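Examining the three-dimensional arrangement
Here are the chains, one letter per residue:
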Amino acid sequence: MKDKPSEWVSISDLMAGVMAVVMLLLVMSVLQKTYAELKHKQELEQGGVAQQKRISEMLTDLKSSVDAQGASNLISFDIADGKITLKENIFNVGSACITPSAAQAFKSLDKRIVDFLRANPNAFVYVEGHTDNSVVKQPVIDFKAKCTVYDDNFTLSAARAREARKLIISNLDSTEAKRVIVAGYGDSRPLVGTDPSDGKNRRVEIQFVVSTQN
C-alpha cells in the first residue's frame, strides 16, 4: 500500500510560495524606493542647474549695467559663484557709511535684485561684511558721522553689511526683506592672497542663493 502524501509537504510548498511572493514584493519595493530617490536627486540637480542659470543671467545683466555706468571700480562680480562684491572704496576708513557715488551706482542694481527675489520665492541674499585687521583702539560712538557705533571689527563689518542691506530692501515688503540676511565677519576672512592689513579687505560680499527645496 502506497504512503499517502504528507500534508506537511503541501503546507511547506505553500509557505515557500508565500515567502517567494513576499520576497518579490520586498525587492519591488526596494527598487521603487531606489528609483524614486534617484529621480528626486536628478530633479534636484536639474533644478539646481536651472536656478544657477537664473542667478548667472541676473548677475550678467547687473554687470553690464555697472560697466555702462563706469562703476566697476566700486562693484565687482563673480558670476560663477553667484556673488557681488562692494569694494573697499564703498566705505570710508572706520565708517559704515556708504559713499554717495557708491549709493548712486547701487541704485542700478536695486530694481533687478528686487525683481529677482520676487520671481524666485526660494531665493535668499546673504550680505556679508568684512574689514581689514586694523585694530579698533577705542570705541566709536559718533553714529551720525560713522553710521554706526562699534568697538571691534566684527561690529563694524556687520554694520557695513546692514547699510548695504538697507539699499537692497528699500523696495521690498517686510516678508520679502526677511530673505536678505546680514552677517559680519570682521577681519576673520581676508581675501585670498591679500595681506590682512590691505584695505581691499574692507568690503561687503552679496551672495545669491536659490534653494531647490519647496
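Anyway, here's the lowdown on the structure attached to this text.

1. Regarding the overall build of the protein
Counting its secondary structure elements, the protein contains 5 helices and 5 strands. Across the protein, helices and strands are ordered from the amino to the carboxyl terminus as α-β-β-α-β-α-α-α-β-β. Intrachain contacts of the protein at a sequence separation of at least 6 include 70% that bridge at least 24 residues. Per element, the accessible surface of the protein, about 13,100 Å² overall, is 58% carbon and sulfur.

2. As for unusual backbone geometry
The phi angle at C147 is positive, at roughly 65°, despite the residue not being glycine. Summarising the element assignment, C147 is placed in the loop between helix 3 (143–146) and helix 4 (153–169). Owing to a relative accessible area of 18%, C147 belongs among the buried residues under this scheme.

3. So, the state of the cysteines
What makes a disulfide is a covalent bond joining the sulfur atoms belonging to two cysteines. If you walk through the whole model with that rule in mind, you get 1 disulfide. Here C97 connects covalently by a disulfide to C147, the sulfurs 2.0 Å from one another. Taking the sign of the S-S torsion, 105° for the link of C97 and C147, the bridge is right-handed. Placement of C97 in the loop between strand 2 (83–86) and helix 2 (100–119) and of C147 in the loop between helix 3 and helix 4 is noted, with a sequence separation of 50 residues between them. In this pair, the class of C97 matches that of C147, namely buried.

4. Observations regarding the pattern of salt bridges
Within the structure shown, the criterion is met by 10 salt bridges. With its nearest N and O atoms 3.8 Å apart, the salt bridge here joins K83 to D81. Under the relative-accessibility criterion, K83 is labelled buried at 15%. Of the charged contacts in the structure, one is a salt bridge between R118 and E176, with a shortest N-O distance of 3.1 Å. Of the two residues, R118 sits in helix 2 while E176 sits in helix 5 (residues 174–177), which places them 58 residues apart along the sequence. What makes E176 buried here is its relative accessible area of 14%. Residues joined by salt bridges that share partners form a network here, namely D81, K83, R203 and E205.

5. So, the packing of aromatic side chains
Going through the model one piece at a time under the given rule, you end up with 2 aromatic pairs. Aromatic pair F116 and F208: ring centres 5.9 Å apart, planes at 90°, arrangement edge-to-face. Here F116, found in helix 2, pairs with F208, found in strand 5 (residues 203–210); they are 92 residues apart in sequence, far enough to count as distant. Per residue, the accessibility class of F116 equals that of F208, and both read buried. Directly above the ring of Y185 sits R189, whose terminal nitrogen or CZ lies 3.9 Å from the centroid.

6. Side note on the sheet that holds strand 3 (residues 123–130)
One open sheet holds the 5 strands; their spatial order is 1-2-5-3-4, and the pairing between them is mixed. Single-partner strands in this sheet number two, and they are strand 1 (75–78) and strand 4 (180–184). Pairwise comparison of adjacent strand axes, ignoring direction, gives a mean angle of 20° for this sheet. One ladder, built from 8 bridges, connects strand 3 with strand 5; its direction is antiparallel. Note that in strand 5 the partner of V125 across the bridge is F208.

7. Focus on the environment of E205
In this fold, E205 is placed in strand 5. A residue is classified by how much of its surface remains accessible, and E205, at 10% relative accessible area, is buried. For the pair E205 and E128, spaced 77 residues apart in sequence, the C-alpha to C-alpha distance is 5.1 Å. Residue contacts for E205: discarding those within four places in its chain leaves K83, I84, T85, Y126, V127, E128, H130 and L191. At a separation of 2.9 Å, a polar atom in the side chain of E205 contacts the side chain of R203.

Conventions and cut-offs
- Along each chain, residues carry numbers from 1 onward, in the same order as the chain's sequence is written.
- Totals for whole chains, interfaces and linings use every residue, but because this is a predicted model, local features are given only for residues with pLDDT of at least 70 and side-chain atom pairs only at 80 or more, for both listing and counting.
- Excluded from the side-chain calculation are hydrogens and water; included are all heavy atoms of the structure.
- Numbering of helices and strands runs from the N terminus; a helix is a DSSP stretch of H or I covering at least four residues, while a strand is a stretch of E covering at least two.
- Two residues form a contact once any of their heavy atoms are found within 4.5 Å.
- Using a 1.4 Å probe, accessible areas were evaluated by the Shrake-Rupley method; residue-level cover was limited to the displayed protein chains.
- Relative accessibility thresholds used throughout: buried, under 20% of the residue-type maximum; exposed, over 50%; partly exposed, between the two (1.4 Å probe, protein chains only).
- For this text, the term disulfide refers to a pair of cysteine sulfurs within 2.5 Å.
- Every case where a carboxyl oxygen of Asp or Glu lies within 4 Å of a side-chain nitrogen of Lys or Arg is listed as a salt bridge.
- Working definition: rings of Phe, Tyr and Trp (its six-membered ring) pair if their centres are within 6.5 Å, and the pair is stacked with planes under 30 degrees apart, edge-to-face with planes over 60 apart, and tilted otherwise.
- Here, a charge over a ring means that NZ of Lys or CZ of Arg falls within 6 Å of the ring centre while also lying within 35 degrees of the ring normal.
- Strand pairing requires that DSSP identify at least two bridges connecting the strands.
- To define axes, lines are fitted to C-alpha atoms, for helices over the stretch in contact only, and angles between the resulting N-to-C directions are given on a 0 to 180 degree scale.
- Think of a polar contact as two N or O atoms within 3.5 Å of one another; within protein, one of them needs to be a possible hydrogen donor and the other a possible acceptor, and neighboring residues in sequence only count if both atoms come from side chains.

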